[in-house]
Amino acid sequence: MPPASAVTEAPPLRVVETRKRRFSLHSDDLFDLTRTAVLHDLFALPPERRDDDWHRRFFDAAWHGSAELPAPTAFTGPDGFPYLRFDLPRGGAFEAQSIGNLARSLVDNATGAAIFASPDDPADAPQFVFSMGRLDAMLRFDDPAGDPVDADAGARPVDEAVYAVDQRNGHQALTVRASHQVMIGAPSSEYLPPATARALYRHLVQGWGIAEPRVAVMVDPALRPSRSLIVNRRRDGFGAGQDPDGAARMLLWYMMPTQTIMLLPDTITEQQLVPLSGYLGEGAPAND
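These lines cover the structure that appears in this document, whether it is placed above or below. (Residues numbered from 1 in each chain as written. Predicted model: local features only at pLDDT ≥ 70, side-chain atom pairs only at ≥ 80, totals over all residues. Heavy atoms only, no water.)

## What about the overall build of the protein?
What counts here: The secondary structure listing takes helices from DSSP runs of H or I that are at least 4 residues long and strands from runs of E that are at least 2 residues long, numbered from the N terminus. Only protein chains enter the accessibility calculation, which uses a 1.4 Å probe. A residue is then buried if its area is under 20% of the maximum for its type, exposed if over 50%, and partly exposed in between. Residues count as neighbours in contact if any of their non-hydrogen atoms are within 4.5 Å of one another. Each accessible area is a Shrake-Rupley estimate made with a 1.4 Å probe; only the visible protein chains count as cover when residues are assessed.
In terms of regular secondary structure, the protein is built from 7 helices and 13 strands. Relative to its 288 residues, the protein shows a buried fraction of 45%. Taking contacts inside the protein between residues at least 6 apart in sequence as the whole, the part at least 24 apart equals 70%. Per element, the accessible surface of the protein, about 14400 Å² overall, is 50% carbon and sulfur.

Structure (structure tokens):
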């Protein structure tokens, strides 16, 4: 996993907009104290009462609202990933920052954002945390869920004529029930952009000890969503006492919320996968 590092403000994204974005990239729409007041009101509601409407209002306010940055460096959260801390101000003068303003730099640095109701709140008590993948979704697709292709497909149920579905500890485990055809191919640069590829590469090399990470996209019409990113580690490649499912779920932190990760199935060879190093981008260190 990437180390905690300083996050600096990036130059503005060059975008051509054919419609007004929900999550603006323009400074005129950011650092909004009205949205900060909305966040204060939203955080007064207990977590168990925070429904879909709460989250819709929250994402808008958190992206655009003014917050205070107590430190320029990220801290390591309980999940082991780095987060930049954003505090709602107590009142009075403060140096304003916003998640929307720093989102690009956060993604480029494989860092999430944690927002706190007060500067006095401990590091383990954020009101909400944005994974790197969630920020990427809001930047690139103007939607907290990410690519609508995967979001729309994910809203439909798995084809249970093909897969047996088992709910385990809040996660879904699938077992193939009937043979069927799937398609395997190289990921597109939109599905696997350089920042995501670099973060996954570091994790697979440093965390999993894979000398040459390889990936592919599998398209299976019976799955929801139908696209999954395959990495070159089989379930039996983990040591005794390790949790393959838990290890795979950690990789999802780098990806958009509706994307999925799959360990290498027995029916697919590593030669069918392509080197992840080909997606890192020009001049980017693969393993720093």
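## Examining the pairing of strand β3 (residues 82-87)
A regular strand places its side chains so that they alternate between the two faces of the sheet. What counts here: Strands are labelled as partners when DSSP assigns at least two bridges between them.
For β3, the buried fraction is high: 6 of the 6 residues fall into the buried class. Neither face of β3 is exposed, since Pro82, Leu84 and Phe86 on one face and Tyr83, Arg85 and Asp87 on the opposite face are all buried. Relative to β3, strand β2 (residues 75-76) runs antiparallel, the two being bridged by 2 bridges. What sits directly across from Thr76, in β3, is Pro82. In this structure, the hairpin formed by β2 and β3 is closed by a connection of 5 residues, where Gly80 is found at a positive phi of approximately 90°.

## A few points about the pattern of salt bridges
To keep it simple, the criterion reads: By salt bridge we mean one thing: a side-chain nitrogen of Lys or Arg within 4 Å of a carboxyl oxygen of Asp or Glu.
Under the definition given, this model contains 12 salt bridges. Residue Asp120 is joined to Arg90 by a salt bridge in which the shortest nitrogen-to-oxygen separation is 2.4 Å. Within this pair, whereas Asp120 is found in the loop between β5 (112-116) and β6 (128-130), its partner Arg90 is found in the loop between β3 and β4 (96-97), the two being separated by 30 residues in sequence. Per residue, the accessibility class of Asp120 equals that of Arg90, and both read exposed.

## Re the packing of aromatic side chains
Which entries qualify depends on this criterion: Side-chain rings of Phe, Tyr and Trp (the six-membered ring for Trp) are treated as a pair once their centres are within 6.5 Å; stacked means planes under 30 degrees apart, edge-to-face means over 60, and tilted covers the remaining angles. A ring is considered to have a charge above it if a Lys NZ or an Arg CZ atom is located within 6 Å of its centre and within 35 degrees of its normal.
This structure, assessed with the given rule, holds 16 aromatic pairs. Taking 5.2 Å as the distance between ring centres and 10° as the angle between the ring planes, the aromatic pair formed by Trp54 and Phe58 counts as stacked. A residue pair is termed a helical-turn pair when its members lie 3 or 4 positions apart in one helix, as Trp54 and Phe58 do in helix α2 (residues 52-64) at 4 residues. On the basis of relative accessibility, which here comes to 4%, the residue Trp54 falls in the buried class. Exposure remark for Phe58: the relative accessible area of 0% places this residue in the buried category. Between Phe59 and Phe130 the ring centres are 6.0 Å apart and the planes differ by 65°, which places this aromatic pair in the edge-to-face class. Here Phe130 lies in strand β6 and Phe59 lies in helix α2, a separation of 71 residues in the sequence. On the accessibility criterion, Phe130 (0% relative accessible area) is buried. Pairwise contacts between aromatic rings join Phe43, Trp54, Phe58, Phe59, Phe128 and Phe130 into one cluster. The ring of Phe116 has Arg85 lying over it, and the distance from NZ or CZ to the ring centre is 3.7 Å. The ring of Phe238 has Arg233 lying over it, and the distance from NZ or CZ to the ring centre is 5.3 Å.

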